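Observations on chain architecture
Okay, here's what each chain looks like letter by letter:
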Amino acid sequence: MALGLESPAPPIKVENWLRGQSLTSFQPGKVYIVEFWATWCAPCVAAVSGLVQLQEKYRDSGVEVLGIAASERAQTAEEARSKLDAWLTEKLPNLNYRVGFDYTREMNKLWMESSFSVGIPTSFVVDRDGHIAFIGSPTQLEDVLPKILTGSWCISDEAKAADAERIANGERTMPIFAKLTPAVKAQDWAKALSVVEEAVAVLPDDLTFRVLHADLLLHKMRDLQAGLPVMRQLVRDAINKKSAAWMAQAMHQLFDPANDNSHLPRAERFAMGNELSEHILAVNPPQRGEAPKFVSYPAVAQYYYESGNKDRAIELIEVTLKSLDGPAPIPDNLKQEVMPELIQTLANYKGQKACYGSLCATPQPGVSQSTKAQAPEERR
């Protein structure tokens, strides 16, 4: 049976508690948020700020947050522990919840694998009786946690349907990732492509696999004959879905300076970029600030910059910077990740020093203009 709604919570198996007092078992009457994350995962780092706020907001309601670092990358446990401890000291000096370190991956087996959770960050909520009340993205906690505290969530049709869908998706994707991850690590692109094509055939609406399909063909294998039709279909589907996330990821495949795009047919690349840009700006107009801009605007700006419309590129980066503090502000930790890249890009585009608030950047001569403030991806 998969770990899911109303299952007894698995045991806590960590090697060290790097922050906060040790905890060996869940105490009845308390609600626990068990968050799996890693320092190398940008969406995880962004989620930390939200968890700090949740811990402060709900502490008096008996809520405790546990951060579980079970996916740190290092050659040895001691090296991973040391790096994590230094990172916590530098980045989160005022952290208000426990952080446990596990290099053995025992916690991953007990919690992540048994629940068919395929990526981080993933949040588990353990209710006052020691049972699982929620498994999913930390972005959902603000809405779900109050319902868990009142006891209305687990008995709701919404919760049961969401958990059933999560398990069904996990059952389909976990075997795929089990084959895909080692192939990618070994840079066996032919094997990775075979696995991804299998995944796309079964899950054509999974954005992660669709983007990876295009990336493998165009940028890893540089196979234009096979890659361009895949890219064209990704663009068409993204536009038809009217999804800013899909369109942003398609744009990044075409205009991310981290990739060498010189082998792509220039005319077709810019034609796809033009169409995507128009639709992205229509779905999320510059004058409306309720939707985040940093997800898709940097790639659109790069398209305009490479097209020769430098003023429009500068304008879009400036709009993106202003949106960080707009009607829908992003968490502080994510803002700190995104803002320096945006300011650097602005300086590169302007060819002169650029500032936003107290942060400034000067142009980087000989460095291609970078737009790394990309859409957070939860699968790692």
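Refer to the structure presented above.
Here is a short report on the structure shown in this document. Given the structure is predicted, the values throughout are model-derived calculations rather than measurements.

Each value, and the rule that gives it
Residues numbered from 1 in each chain as written. Predicted model: local features only at pLDDT ≥ 70, side-chain atom pairs only at ≥ 80, totals over all residues. Heavy atoms only, no water. Helix = DSSP H or I, 4+ residues; strand = E, 2+ residues; numbered from the N terminus. Rg over C-alpha atoms; globule rule 2.2 N^0.38 Å. Buried < 20%, exposed > 50% of the residue type's maximum accessible area, 1.4 Å probe, protein only. Contact = heavy atoms within 4.5 Å. Areas by Shrake-Rupley, 256 points an atom, 1.4 Å probe, with all protein chains shown as cover. Lys, Arg positive; Asp, Glu negative; His and termini not counted. Charge placed at Lys NZ, Arg CZ, Asp CG, Glu CD. Disulfide = S-S within 2.5 Å. Core = buried A, V, L, I, M, F, W, Y, C linked by side-chain atoms within 4.5 Å. Patch = residues over 30% accessible without salt bridge, like charges linked within 9 Å, V, L, I, M, F, W, Y side chains within 5 Å. Salt bridge = Lys/Arg side-chain N within 4 Å of Asp/Glu carboxyl O. Phe/Tyr/Trp six-rings, centres within 6.5 Å; stacked < 30°, edge-to-face > 60°. Pairing = 2+ DSSP bridges. Right-handed = clockwise from strand over helix to strand, strands pointing away. Axes fitted to C-alpha atoms, helices over the stretch in contact; angles between N-to-C directions. Left-handed = near helix turned anticlockwise from the far one by under 90°. Polar contact = N/O pair within 3.5 Å; in protein donor to acceptor, adjacent residues only side chain to side chain.

Glancing now at the overall build of the chain. Across its full length, the chain holds 13 helices and eight strands. Taking 380 residues into account, the globule formula puts the C-alpha radius of gyration at 21 Å, and the chain, at 22 Å, falls close to it. Projected onto the principal axes, the alpha-carbon positions of the chain cover approximately 65 × 50 × 45 Å. Looking at the chain as a whole, 51% of its 380 residues qualify as buried. Long-range pairs, those at least 24 residues apart, make up 66% of the contacts in the chain between residues at least 6 apart in sequence. Roughly 17600 Å² of accessible area belongs to the chain as shown, and the carbon and sulfur atoms make up 50% of that amount. One finds the centroid of the 40 positive side-chain charges in the chain at a distance of 3 Å from the centroid of its 47 negative side-chain charges.

Moving on to the state of the cysteines. A covalent bond between the sulfur atoms of two cysteines is what we call a disulfide. Following the criterion strictly, the structure yields two disulfides and no others. There is a disulfide in this structure between cysteine 41 and cysteine 44, and the S-S distance comes to 2.4 Å. What sets the handedness of the cysteine 41 and cysteine 44 disulfide is the S-S torsion sign, and at about 75 degrees it is right-handed. Just as cysteine 41 is buried, cysteine 44 falls in that class too. A sulfur-sulfur separation of 2.0 Å characterises the disulfide bridge that pairs cysteine 355 with cysteine 360. Judged by the torsion about the S-S bond (110 degrees), the cysteine 355/cysteine 360 disulfide is right-handed. Taken N- to C-terminal, the disulfide-bonded cysteines of the chain are connected 1-2, 3-4.

Take the nonpolar core next. Counting 64 residues, the largest nonpolar core has Leu180, Phe209, Met231, Met251, Leu276 and Leu321 as its most contacted members. For leucine 276, the residues in contact, after removing those within four places along its chain, are Val235, Ile239, Met247, Ala250, Met251 and Leu254.

This brings us to a positive patch on the surface. Residues Arg73, Arg105, Lys109 and Lys185 make up a contiguous surface patch of positive charge. Residue position: arginine 105 is located in the loop between strand S4 (98–101) and helix H3 (106–112).

Quick look at the packing of aromatic side chains now. Each aromatic ring pair is summarised here by two numbers: the centre-to-centre distance and the angle between the ring planes. One pass over the full model with this rule turns up 13 aromatic pairs. Centre to centre, the rings of phenylalanine 36 and tryptophan 111 are 6.3 Å apart; their planes meet at 45 degrees, and the pair counts as tilted. With phenylalanine 36 in strand S2 (residues 31–37) and tryptophan 111 in helix H3, this residue pair connects regions lying 75 residues apart in the sequence. Looking at tryptophan 111, the relative accessible area reads 0%, which means it is buried. Ring geometry for phenylalanine 36 and phenylalanine 124: centres 5.5 Å apart, planes at 65 degrees, overall edge-to-face.

Moving on: the pairing of strand S3 (residues 63–69). Burial runs high along S3: seven of the seven residues are buried. Along S3, one buried face is formed by Val63, Val65, Gly67 and Ala69 and the opposite face, lined by Glu64, Leu66 and Ile68, is buried too. Both S2 and S3 contribute to a ladder of seven bridges, which runs parallel. Bridging from a neighbouring strand, tyrosine 32 pairs with glutamate 64 of S3. A crossover connection joins S2 to the parallel S3 through helix H1 (residues 42–58); in handedness this β-α-β unit is right-handed. Pairing geometry for S3 and S4, over four bridges, is parallel. Along S4, the bridge assignment pairs alanine 69 with phenylalanine 101. Each parallel crossover has a hand, and for S3 linked through helix H2 (residues 77–91) to S4 it is right-handed.

In this section: the sheet that holds strand S6 (residues 132–136). Across a sheet, strands are paired by hydrogen bonds formed along the backbone, either parallel or antiparallel in direction. Spatially, S1-S4-S3-S2-S5-S6 is the arrangement adopted by the six strands of the open sheet, whose pairing is mixed. Both edges of this open sheet fall to strand S1 (16–19) and S6, since each of them pairs with a single strand only. In this sheet, neighbouring strand axes are inclined to one another by 25 degrees on average, regardless of whether the strands run parallel or antiparallel. Bridge count for S2 against strand S5 (residues 122–126) is five bridges, and the pairing is antiparallel. Along S5, the bridge assignment pairs tyrosine 32 with valine 126. Across the sheet, H1 touches S2 and S3, and the angle it forms with S2 is around 170 degrees.

Contact geometry for helix H9 (residues 244–255) and helix H11 (residues 297–307): axes closest at 9 Å, N-to-C directions at 40 degrees. The way H9 lies across H11 gives a crossing that is left-handed. Side by side, H9 and H11 meet where Met251, His252 and Phe255 of the first sit next to Ala299, Val300, Gln302, Tyr303 and Glu306 of the second.

Looking now at the pattern of salt bridges. This model, assessed by the stated rule, comprises 19 salt bridges. A salt bridge links glutamate 198 to lysine 179; the nearest nitrogen and oxygen atoms lie 3.0 Å apart. With glutamate 198 in helix H6 (residues 189–202) and lysine 179 in helix H5 (residues 157–185), this pair connects stretches of sequence that are 19 residues apart. Using a relative accessible area of 39% as the deciding quantity, one classes glutamate 198 as partly exposed.

Once that is clear, we can look at the environment of histidine 263. Position of histidine 263 among the secondary structure elements: in the loop between H9 and helix H10 (266–283). By relative accessible area, histidine 263 is classed as buried at 17%. Linking histidine 263 and leucine 218, residues 45 residues apart in sequence, is a C-alpha distance of 8.9 Å. Contacts of histidine 263, omitting those with residues within four sequence positions, involve Leu218, His219, Arg222 and Leu224. One polar contact links the side chain of histidine 263 to the main-chain carbonyl oxygen of aspartate 260, over a distance of 3.1 Å.

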